[in-house]
Amino acid sequence: MTLKRLIRDIRNRRLQLTLLGLGYVGLTTAAIFANAGFHVIAMDIKPDIVENLNKGICAVNEPGLEEIVSRNTKAGRLRATLDSGEALAQADVVIVSVQTPIDRVKKPDLSFLMKALKGVGRKMRKNTLVVIGSTVPPGTMIMRVKPELESISSLRADIDFYLAYAPERIAPSKALAEFAESPKLVGGIGPNSTRMASELFRTVCRNVLETDASTAEVAKLAENTFRDVNIAFANQLALMCEQLGVDVTKVISLANTHPRVNILTPGPGVGGPCLPKDPYLLLHATKLVGSNLINTARQVNDSMPEHVGNLILQALKNSGKGTKRARIAVLGTSYKAEVDDSRGSPSEPIIRGLINKGFEVSAYDPRCNEAFGARMAGSVSKAVERSDCLVIITPHKEFRNLNLRKLKALMNRAIIIDGARIIDPREAKDQGFSYYGTGFGGK
Ligand code: SAJ
């Protein structure tokens, strides 16, 4: 089959697409390609995810996704299986979207990816297009993926089969719109691979940016690492503002009026599946000499939950009644606003730290069922009932307009620790609260 014919088949949706890994990114990708008219078989090792998808039920809570999943499973364009052999048997295109976590010593763990590649290599035929969507450390495509697939299949990359890296940049809760609208990086292992993969993504993305696989690997990691470093700067500034007696939110909003300055938002810590991990994937591939901005930024961001814990202790001591048998109400356990995902959430170390100190902790989150060992409350009011201190971690919309007067009446002590900085300090004080917040050095 010539390159031209393959491209024609992509445009006519005449290819069978197999997706390996049905996490939040994989599931979104599978549903979007099926919706564009491709026949998609998706494979995952988790039986509940596979079973649900075949019933048209979506395992992740993403606005609009379930409707697409349900429509396309009914139409017969999307189905899931536990059997990778079956999923790969007829595949013309394979997209690999398995997890690439870091281990306890922050080293990349590529075992899921390498296992998936073994299966792909065995079943691959001439002209198959293989796309790696998982975030990977620089050099992985050239040094690990290409040799693995070539040696198992005895086919040559960019000649007998096509191989490209196409990292995902979508943000939870806006995944469908971002998949279509945000520029898609596509980096082939050679020119033919870039061409094929970019044709594929042009069927579902408005704007495809072509590059080579190694550049795309670094670019993907540079994005999230830049965000992490920028947030670390904001957090460091917050800690300094507390000592300097000024409010970091005012400082940042003034500094950001400069047309070329964009400081991100300080908070109780950086969580989620990407930012706490991707800087380590980037660092791992190189040997930096001297001071290391990226590691330092990680340390600053990782120190923020402890800082919130210290603000809580300080506030309880300052209240005159001490910390003994204190009851703490925590609002928010998801890692960021309006998502139900608690992976890496700063609430975890904060809540566990409080429990370890012998405090009684209740938690409420309108989206997320995780309580990290705290008593799960059903509402803000239930969480704060008889508490000594209200701690706000996740800036969910629901927490932005709290009725402070009502909450104060329910609480034992009127203390607010605003980790997420969403309460107006003036209003809290007017309602009789002692107010503490990340980067709030004001009076
Ligand atoms: N955070 C701050 N201050 C900020 C922004 C975020 O403290 O100014 C914290 C959040 O509260 C959260 C963590 O950082 O705990 C991560 O938040 P994030 O908004 O950067 O979002 P993620 O982890 O959901 O990242 C995704 C990324 N997607 C992928 O890598 C697949 C990323 O590429 C996007 O840039 C990002 O969403 C986005 O822009 O929303």
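Residues numbered from 1 in each chain as written. Predicted model: local features only at pLDDT ≥ 70, side-chain atom pairs only at ≥ 80, totals over all residues. Heavy atoms only, no water.

Draft legend 1. A look at the overall build of the protein. In terms of helices and strands, the protein carries 17 helices and 14 strands. For the protein, the C-alpha radius of gyration of 24 Å lies close to 22 Å, the compact-globule estimate for 443 residues. Overall size of the protein, expressed as C-alpha extent along the three principal axes, is 80 × 50 × 40 Å. The buried share of the protein, taken over its 443 residues, is 54%. The contacts in the protein between residues at least 6 apart in sequence include a share of 70% that link residues at least 24 apart. In the structure as shown, the protein presents an accessible area of about 19,900 Å², 51% of it carried by carbon and sulfur atoms. With 60 positive and 44 negative side-chain charges, the protein shows a spacing of 1 Å between the two charge centroids. (Helix = DSSP H or I, 4+ residues; strand = E, 2+ residues; numbered from the N terminus. Rg over C-alpha atoms; globule rule 2.2 N^0.38 Å. Buried < 20%, exposed > 50% of the residue type's maximum accessible area, 1.4 Å probe, protein only. Contact = heavy atoms within 4.5 Å. Areas by Shrake-Rupley, 256 points an atom, 1.4 Å probe, with all protein chains shown as cover. Lys, Arg positive; Asp, Glu negative; His and termini not counted. Charge placed at Lys NZ, Arg CZ, Asp CG, Glu CD.)

Draft legend 2. Layout of the pattern of salt bridges. This structure, assessed with the given rule, holds 22 salt bridges. Across the pair Asp9 and Arg14 runs a salt bridge whose closest N-O atoms are separated by 2.9 Å. If you follow the salt bridges from partner to partner, you end up with Asp228, Arg298 and Asp302 in one network. (Salt bridge = Lys/Arg side-chain N within 4 Å of Asp/Glu carboxyl O.)

Draft legend 3. Inspection of the packing of helix α2 (residues 24-35) against helix α4 (residues 65-74) at higher detail. At their nearest, the axes of α2 and α4 sit 9 Å apart, and the two run at 55° to each other. Between α2 and α4, the crossing angle belongs to the class labelled oblique. In this structure, α2 meets α4 at a crossing whose hand is left-handed. Listed contacts from α4 to Leu27, Thr28, Ala31, Ala34 and Asn35 of α2 are Leu65, Ile68, Val69, Arg71 and Asn72. Of the residues that constitute the contact of α2 with α4, the class distribution is six nonpolar, three polar and one charged. (Axes fitted to C-alpha atoms, helices over the stretch in contact; angles between N-to-C directions. Parallel < 35°, antiparallel > 145°, perpendicular 65-115°, else oblique. Left-handed = near helix turned anticlockwise from the far one by under 90°. Nonpolar A, V, L, I, M, F, W, Y, C, P; charged D, E, K, R; others polar.)

Draft legend 4. Quick peek at the nonpolar core. By size, the foremost hydrophobic cluster in this structure holds 44 residues, and its most contacted members are Leu17, Phe33, Ile95, Leu200 and Phe201. A per-element tally of this core places α2 first, with seven residues. Not counting residues up to four positions away in its chain, the partners in contact with Leu200 are Ile10, Leu17, Phe33, Phe38, Val93, Ile95, Leu129 and Val131. (Core = buried A, V, L, I, M, F, W, Y, C linked by side-chain atoms within 4.5 Å.)

Draft legend 5. Broad picture of the domain arrangement of the protein. With domains assigned, the protein is organised as domain 1 (3-211) and domain 2 (295-437). Using only C-alpha atoms to locate each centre, domain 1 and domain 2 end up separated by 40 Å. On the side of domain 2, five residues touch domain 1, which itself brings four residues to the contact. The contact between domain 1 and domain 2 buries some 330 Å² in all, and 49% of this surface belongs to carbon and sulfur atoms. (Domains from an automatic or database assignment. Buried area = accessible area lost by both parts, 1.4 Å probe.)

Draft legend 6. Region of the structure containing the site of the ligand. Taken together, 18 residues are adjacent to the ligand, and Lys220, Arg227, Thr265, Gly271 and Tyr335 come closest. A distance of 3.1 Å is found between a nitrogen atom of the ligand and a backbone nitrogen or oxygen belonging to Ile170. In the environment of the ligand, an oxygen atom lies 2.5 Å from a nitrogen or oxygen atom belonging to the side chain of Tyr335. Across the complex, the protein chains shield 84% of the 750 Å² of accessible surface that the ligand would expose by itself. Partitioning the shell around the ligand into residue classes produces nine nonpolar, four polar and five charged. (Near = heavy atom within 4 Å. Polar contact = N/O pair within 3.5 Å; in protein donor to acceptor, adjacent residues only side chain to side chain.)

Draft legend 7. The side chain of Ser342, seen in detail. Inspection of the secondary structure assignment puts Ser342 in the loop between β9 (327-331) and α14 (347-356). With relative accessibility at 17%, the residue Ser342 sits in the buried group. Each residue touching Ser342, except ones within four places of it in the same chain, is listed here: Thr333, Ser334, Tyr335, Cys368, Glu370 and Phe372.

Draft legend 8. Region of the structure containing the environment of Glu181. Among the secondary structure elements, Glu181 is positioned in helix α8 (residues 175-181). Linking Glu181 and Val69, residues 112 residues apart in sequence, is a C-alpha distance of 20 Å. Here Arg206 takes part through its side chain, which lies 2.8 Å from a polar atom of the side chain of Glu181.

Draft legend 9. Structural context of the packing of aromatic side chains. Per the stated rule, a full pass over the model turns up four aromatic pairs. Between Phe33 and Phe201, the ring centres sit 5.6 Å apart and the planes meet at 70°, which makes this aromatic pair edge-to-face. Taken together, the residues Phe33 in helix α2 and Phe201 in helix α9 (residues 191-202) connect sequence positions 168 residues apart. According to the relative accessible area criterion, Phe33 is buried, its value standing at 0%. Considering the side-chain rings of Tyr435 and Phe440, the 5.1 Å spacing of their centres and the 90° angle between planes classify their relative orientation as edge-to-face. Of the two residues, Tyr435 and Phe440, neither departs from the other in class, the shared state being buried. One aromatic cluster in this structure is built from Phe33, Phe38 and Phe201. (Phe/Tyr/Trp six-rings, centres within 6.5 Å; stacked < 30°, edge-to-face > 60°.)

Draft legend 10. Just unusual backbone geometry, in detail. Backbone geometry places Asn127, a non-glycine residue, at a positive phi of 75°. Tracing the backbone shows Asn127 in the loop between α6 (111-123) and β5 (129-132).

Draft legend 11. Spatial organisation of the sheet that holds β9. The strand order across the open sheet formed by six strands is β11-β10-β9-β12-β13-β14, and the pairing between neighbours is parallel. The open sheet has two edge strands with one neighbour each: β11 (375-376) and β14 (434-437). Sheet contacts for helix α13 (residues 293-318): β9, β12 (389-392), β13 (415-418) and β14; angle to β13, the most-contacted strand, approximately 165°. Of the strands in this sheet, β9 and β10 (360-364) are in contact with α14, which crosses β10 at around 155°. (Pairing = 2+ DSSP bridges.)

Draft legend 12. Structural context of the sheet that holds strand β7 (residues 184-188). Pairing within the open sheet is mixed, and its eight strands lie in the order β3-β2-β1-β4-β5-β6-β7-β8. Whereas interior strands pair on both sides, the edge strands pair on one side only; in this sheet they are β3 (78-81) and β8 (208-212). For this sheet, the mean inter-axis angle between neighbouring strands, taken without regard to orientation, is 25°. Taken together, the four bridges between strand β4 (residues 93-96) and β5 define a ladder with parallel strand orientation. Bridge assignment links Val94 to a residue of β5, and that residue is Val130.

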